Every structure is written in structure tokens, then in C-alpha cells.
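# Results of the structural survey
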Amino acid sequence: MTTDEMKSNIKTVVCTGMSYGITVFACLKSDEGTNLKKFLVTDELHSNLKSILDNALSSKYLADGVELEPSENIADGSSVLYEVVQTENYCPFTFLNNVNTVEGQYSEEDQTNLTGWIFRLNLNDNTFCIYQHIYPMRLINRSKSLFAMLSHNKTYKTLDRDVLKIDSRADILIIGNSLITSNIPLLQNTFGFERYIRAEAAKTIAAIEAIDLVEGIDKFLAFENKEKLTNAKKLMKAKNSPVLNIPRDELLRRIKVHGRYKDKFIIENEKIHIKSQKDANEFVKMLNDDIVRSELTNQEYDSIRKMLLEPLK
């Protein structure tokens, strides 16, 4: 999905001048995963929800300069939106498949299992969902403290109901099978995104092994297996590297004469010998083509995020 396509999907529902529908669901954790219950709202709250969701969408997803990148590029650490396409191997929002058949209604007794809100926005046949995560400090639970509120006669009385806070946030946008977010830590901590990253990194290692160019594939496995995901993200980005599409012998020939890489690797018997995780890191950098040279200054830069430019005329 491109940035323009994402904006078009949103505008089809919220920017047509017509009043779109909002259905609110509470996300409840259980041993089986996530369950949904309907969250009933008054007309006044419905109107207020529309206002804060419009603001959240406008500021984060529809603003000028917003960029949408594929999930493979999360290693760049840029302040952009990322698209994660759900697959059979990673589909954390499968609980939305039954959203049209949800019958249960949220009650105060469900608050201990409450993890987030789903706002389903629809206009005619066009629909998408917003997920907003709930952090514990956003809830007022009367069982733990005494809360008071100002009454009409300017005296304080005991708050006799729990309070839930809904923010002007759209943490994750769900359009079709695509999850769109800038909050990668939320995906990792709540929706098992680490497993997805490591699985994609494993595909890159398999692709490296398949071209039969390196000795020491175990060093890539150790490189990926670090507790932090930094290395796994670098490998995931390299999964679709055009370098891997260069014929093996031609790639080796180019490396032998490359101004930088010819001295970075030990080449013996027509293979690159990866003897350490440092070597593995240099090889992944090469796959991601991270080193760029400025024709103006003739200096080289380690540029993680590159945008392909149109050829000069």
C-alpha cells in the first residue's frame, strides 16, 4: 500500500461530508487470546468520539509529509508509519474476523481484562478499524483508592463508578489485512511482533545460504539470536535485497573489485568466509546497500534509509 492509497482508504470513510458510523468494542484478554464485547455509548459520547478520532486521523495519518514504509524497513528507526501485512504466520488481529457477530456487552466486571478499544468506522460498504491501547494508568478503579468528584452543590461526593479514559489516539490502523502504525514497540510488546521479525530474519539467512557464496552461516544465526532485535531487524530488511538477485559469480566478481568491500571480507576458494559476527554485520550492510558515496564530496556515508531517486536526464 502506498501513502496515497492509505489516505484514500481513510478519506473514503471520514472525508466525504457524510456522517460515518462508529461501533466501539472493548478488547478483553483471555487464555484463548483476545475477545471482543460491545461497548455501548450515548449519542453525546458517540459525537465526542467522532471528534477525537477525526483529530487523531488528521494529525497522524492524513497530515502533509506523512510517509508509509513497508515493515521490512523498521530497522531504519525513522519517524514514519509502517505497514505490516498480516499473513497466516502473523495475524494478531484475527479476533476482528468475528466483529459482526459480537453479542456480549462490556460491563464494569470486565475492566480487569480490558486491554484496548476497537473503533470500527464505516460508511456504506467502506470500513476500517482503529485500535487504541489502554495503559493501566488510564483507568480509575474504585477498588484500589477512594475517588471523589465535585457535585452540583460544590461539595465533593464519592465517585460511585469506575472511569475509563478514551484518548485522541489511533495507535494502529487496520485496513483490510494491513496494520499501519508508528508504534512498533506496541506491536512487539502486545502483539508478538518479535516472532514475526525473527521469522523474517530467518528467511534472509536461508536466502544467503541458498546463493552458496559464504562459509560460516552459523555466524549469521548467532548474529540474529541476540536478545535485542536490532540485528534481526537488519536481517529482515535485507530479505528483499536486490543484491541477492545478482548471479552468484557476478556478485563475487563485483565484491572483489569494490572499493570498500574487497578489503572487508576474506575470500578463499571463491567463497566469502564469515569468521565473526562483525563479518556477518558487514555482509548484511552490503545486502542493504547501506554505504553510499557522494559525487559532490567524494565521501562515503553509512546511510540506513535511502530513497530511490529518478535517473538524471
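Here the structure is shown first, and the text comes after it.
Residues numbered from 1 in each chain as written. Predicted model: local features only at pLDDT ≥ 70, side-chain atom pairs only at ≥ 80, totals over all residues. Heavy atoms only, no water.

### Observations concerning the overall build of the chain
Counting its secondary structure elements, the chain contains 8 helices and 17 strands. Put simply, the chain has 313 residues, and 43% of those count as buried. Across the chain, every contact between residues at least 6 apart in sequence was considered, and the portion connecting residues at least 24 apart equals 65%. Accessible surface for the chain amounts to roughly 18200 Å². Of this, 47% is attributable to carbon and sulfur atoms. (Helix = DSSP H or I, 4+ residues; strand = E, 2+ residues; numbered from the N terminus. Buried < 20%, exposed > 50% of the residue type's maximum accessible area, 1.4 Å probe, protein only. Contact = heavy atoms within 4.5 Å. Areas by Shrake-Rupley, 256 points an atom, 1.4 Å probe, with all protein chains shown as cover.)

### Quick notes on unusual backbone geometry
Of note, the phi angle at N124 is positive, near 55°, even though the residue is not glycine. With respect to the secondary-structure elements, N124 resides in the loop between β5 (114–123) and β6 (126–133).

### Digging into the sheet that holds strand β13 (residues 214–215)
Consider a sheet: its strands pair through backbone hydrogen bonds, and that pairing is either parallel or antiparallel. Taken in spatial order, the 3 strands of this open sheet run β13-β15-β14, and their pairing is mixed. Either end of the sheet is taken by a strand with one partner, and the two such strands are β13 and β14 (266–268). Pairing geometry for β14 and strand β15 (residues 271–273), over 3 bridges, is antiparallel. Counterpart to E268 in the pairing with β15 is K271. (Pairing = 2+ DSSP bridges.)

### Describing the pattern of salt bridges
One pass over the full model with this rule turns up 17 salt bridges. With its nearest N and O atoms 3.0 Å apart, the salt bridge here joins E200 to K203. Linking E200 with K203, this pair stays in helix α4 (residues 193–210), spanning 3 residues, or about one helical turn. E200 gets classed as buried once you look at its relative accessible area, which sits at 5%. Where R248 meets D249, a salt bridge forms, and the shortest distance between an N and an O atom there is 3.0 Å. Accessibility expressed as a relative area gives 24% for R248, which makes it partly exposed. One salt-bridge network, held together by shared partners, links E72, E200, K203 and K239. (Salt bridge = Lys/Arg side-chain N within 4 Å of Asp/Glu carboxyl O.)

### So, the pairing of strand β12 (residues 178–181)
Because side chains alternate across β12, one face comprises the buried residues S178 and I180, and the other comprises L179 and T181, equally buried. As judged from the 4 bridges shared by strand β4 (residues 81–85) and β12, these two strands associate in the antiparallel manner. The residue of β12 that forms the bridge with V84 is L179. Where strand β11 (residues 172–175) lies against β12, 3 bridges are found, and the strand directions are antiparallel. Bridge pairing in β12 places I175 opposite S178.

### A few points about helix α5 (residues 217–224)
Those residues of α5 not exposed but buried are F220, F223 and E224. With its buried residues spanning 90° around the axis, α5 presents them on a single face. (Arc of directions from axis to C-beta.)

### Let's talk about the state of the cysteines
The term disulfide refers to a covalent linkage connecting the sulfur atoms of a pair of cysteines. Across all of its chains, the model carries 0 disulfides by this definition. C129 takes part in no disulfide bond, and the closest cysteine sulfur, belonging to C27, lies 9.5 Å away. Overall, C129 belongs to the buried group, its relative accessible area being 8%. (Disulfide = S-S within 2.5 Å.)

### Some details on the environment of K60
Assignment of secondary structure puts K60 in helix α2 (residues 43–60). Along the sequence, K60 and L81 sit 21 residues apart, while their C-alpha atoms lie 8.8 Å from each other. Among residues more than four places away in sequence, those in contact with K60 are V66, L81, A170, D171 and S182. A polar side-chain atom of K60 sits 3.3 Å from a polar atom in the side chain of S182. (Polar contact = N/O pair within 3.5 Å; in protein donor to acceptor, adjacent residues only side chain to side chain.)

By themselves, these observations are geometric and do not establish any function.
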